[in-house]
Amino acid sequence: MNTFNDIKELVTALKREEKLISEMFSKRKSIDYRLSDALELVDYEESRIDKLIEKSVIRENGGLLELDGQFLEFFEQVLYVSEEINLSYIDDNIKKIKENIDYFLNENNENRKYSYLRFIKKTFRKMGIITLRSVVDLRRNIENTFKNESNYKNKQLKLENLDEKRTIVTNLIQQTLTLINEEEITFFNRALDEELSRIIIELKHQLGECSHNLIEIEKQIIDYLNQIKQQGKFLEKLRKLKYLKDNFTIEAETDVRQIISNKNHVIFEARAIQPLNLSIDFLRESEKAFEAIKRITKNHKDRLLLKPEIAERISNEFLENNIEEEVMINLEEVRNRFIATSDNLFNFILNYDFLKDVDFNERVTIFCQIISQYEQELQIKDNFQITNDVEYAMVFSK
C-alpha cells in the first residue's frame, strides 16, 4: 500500500481535494458516489482521483467511489458523528492506565516517571470525552432504531443488543471509578499533581453525568420494548381477524358483531367543520359571490367597531437599567474543591472563602447540604468533634 511520506504531504493532499472529500463525506449514506460525479469536482482531471486512490484515501469499485474506512472513521470521530459505539476502546484505556501506573510506581528515573504520568493524564482526559460520546451515540441509536426499523423482530433484537451495550458502559464507568477511588490509592497519593487532580475531578463529573443519562436510557429502552410488545400483540390479533374475514368465518368463530353493536363512539364525536376557502378569481368574477358578500355585509352593518385603547406612556424609571448583583454559593464547586484536598469537610467549609460574608450557622447548613447531596462520594467516620457547641461527624472524600 502506497502511503503518504509525512504529515505535510497528507494535509496538503486533503486540502487540495477538500471539495471532493467533503462532498463524499456528506453523501456517504445517501447515495452511491459515481466516478463521473467526482470528475466534475476535480475539473475532469482523473489523475487527481487516481492519486487519492493510490494513497488509499478513497477506494474505487465498479465505477463507484467511497472514502477509505480508516479516513472515514477518523472524520466521524473528530466531527462527533460516528454511530458506532466503541466500548472496547474504553476497556483498553483502563488496562493501559493500570499498566502505566505500575510502571510509574516502579520507576526511579524522574524523566521516565513523568512520561508515564503524562500518558495517564492524557488517557484519563480522553476517557471522559469518549464515554460521553458513547452515551450520546447510544441514545441516538436507540431512538433511530425504534423510529426507523420496520421489522418488529429486528427492532426488538436491536434494542436488546443496545441495552447490553448500555450495561457494558455502566460497568466500565464503575470500573473507572473503582480504579480511582479504591484500587490505585497509592499512586494518587504519590503523584501529587495538581493537573491530575483537576483531570480526575472533571472525569468524575463527566462519569456522573453519563450515569444519570444511562438511567434515563434504561427507562427509555424498557418503554420502547413494552410498546413493541403491545404493538406485536395487536398485529397478531389483526392478522388473525383478517384470516377469519378472508375465509368468511369471522362472524361464526368470533363475537365481533355483538361487540360492534355495543359500540356507539361515532355519535359522541364532535362534528368536524371543514373551512371552505374560495379563490380570489371566483370572488372577483362571480356575481353570486358579490351578492353573497353584500348580504353578509348588510347583516353586520350595525356591528360596533371597537377601537383598541392606547396604553399610557411607560415611565422612564421603569426603563432604567438597575442591576443588582448577588454572590451565589455553588455547592458543586465547593464539593469539587473539597475532593481535591485531604481536609475534613467541616473544617474545610469553616475556612472556605465564599467571596462574601457567611456566618457560622450558614456554614453549618452548607456542611449538611453537601453531605445530603453527595453522600455517595463522601466517607463519613464514626468519630465526632465539637466546634462552637455544634457536634459534627468527621467527613472525608473517598
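Each value, and the rule that gives it
- Residues numbered from 1 in each chain as written.
- Predicted model: local features only at pLDDT ≥ 70, side-chain atom pairs only at ≥ 80, totals over all residues.
- Heavy atoms only, no water.
- Phe/Tyr/Trp six-rings, centres within 6.5 Å; stacked < 30°, edge-to-face > 60°.
- Helix = DSSP H or I, 4+ residues; strand = E, 2+ residues; numbered from the N terminus.
- Buried < 20%, exposed > 50% of the residue type's maximum accessible area, 1.4 Å probe, protein only.
- Core = buried A, V, L, I, M, F, W, Y, C linked by side-chain atoms within 4.5 Å.
- Patch = residues over 30% accessible without salt bridge, like charges linked within 9 Å, V, L, I, M, F, W, Y side chains within 5 Å.
- Areas by Shrake-Rupley, 256 points an atom, 1.4 Å probe, with all protein chains shown as cover.
- Salt bridge = Lys/Arg side-chain N within 4 Å of Asp/Glu carboxyl O.
- Pairing = 2+ DSSP bridges.
- Contact = heavy atoms within 4.5 Å.
- Axes fitted to C-alpha atoms, helices over the stretch in contact; angles between N-to-C directions.

Right, let's talk about the packing of aromatic side chains for a bit. Applying the stated criterion to the full structure yields ten aromatic pairs. Here the aromatic rings of Phe-146 and Tyr-224 are separated by 3.9 Å at their centres, their planes lie at 5°, and the arrangement is stacked. A residue pair is termed long-range when its members are at least 10 positions apart, and Phe-146 in helix H7 (residues 110-148) and Tyr-224 in helix H10 (residues 194-246) qualify at 78 residues. Neither Phe-146 nor Tyr-224 differs from the other in exposure class; each is buried.

Moving on, we get to the nonpolar core. Counting residues in each nonpolar core, the largest one holds 35 residues, and the members touching the most others are Phe-124, Ile-142, Phe-187 and Leu-196. Those elements that provide at least two residues to this core are helix H6 (87-106), H7, helix H8 (152-183), helix H9 (185-191) and H10. It is H10 that contributes the most residues to this core, eleven residues altogether. In terms of nonpolar packing, the next biggest core, distinct from the first, is built from 21 residues, Leu-345, Ile-349, Ile-371 and Met-394 among them.

This brings us to unusual backbone geometry. Backbone geometry at Phe-248 places phi at a positive 60°, although glycine is not the residue there. Turning to its location among the elements, Phe-248 is positioned in the loop between H10 and helix H11 (250-253). Positive phi is not limited to glycine here, since Asn-388 has a value of about 50°. Relative to the helices and strands, Asn-388 is located in the loop between strand E4 (378-387) and strand E5 (390-397). Among the residues examined, Asn-388 registers a relative accessible area of 56% and is labelled exposed.

Let us look at a nonpolar patch on the surface. Together, Ile-280, Phe-282, Leu-283 and Ile-293 make up a nonpolar patch on the protein surface, roughly 350 Å² of accessible area in all. Ranked by residue count, the leading element in the nonpolar patch is helix H13 (residues 280-285), at three residues. Within the secondary structure, Ile-280 sits in helix H13.

Glancing now at the sheet that holds strand E2 (residues 58-61). Ordered by their spatial adjacency, three strands build an open sheet running E1-E3-E2, and the pairing between neighbours is antiparallel. The open sheet has two free edges, formed respectively by strand E1 (33-34) and E2, since each of these has just one partner strand. Judged from the four bridges that link them, E2 and strand E3 (residues 64-67) form a sheet pairing that is antiparallel. Residue pairing in the sheet places Asn-61 in a bridge with Leu-64 of E3. The sheet strands contacting helix H2 (residues 18-26) are E1, E2 and E3, and the helix crosses E3 at an angle near 90°.

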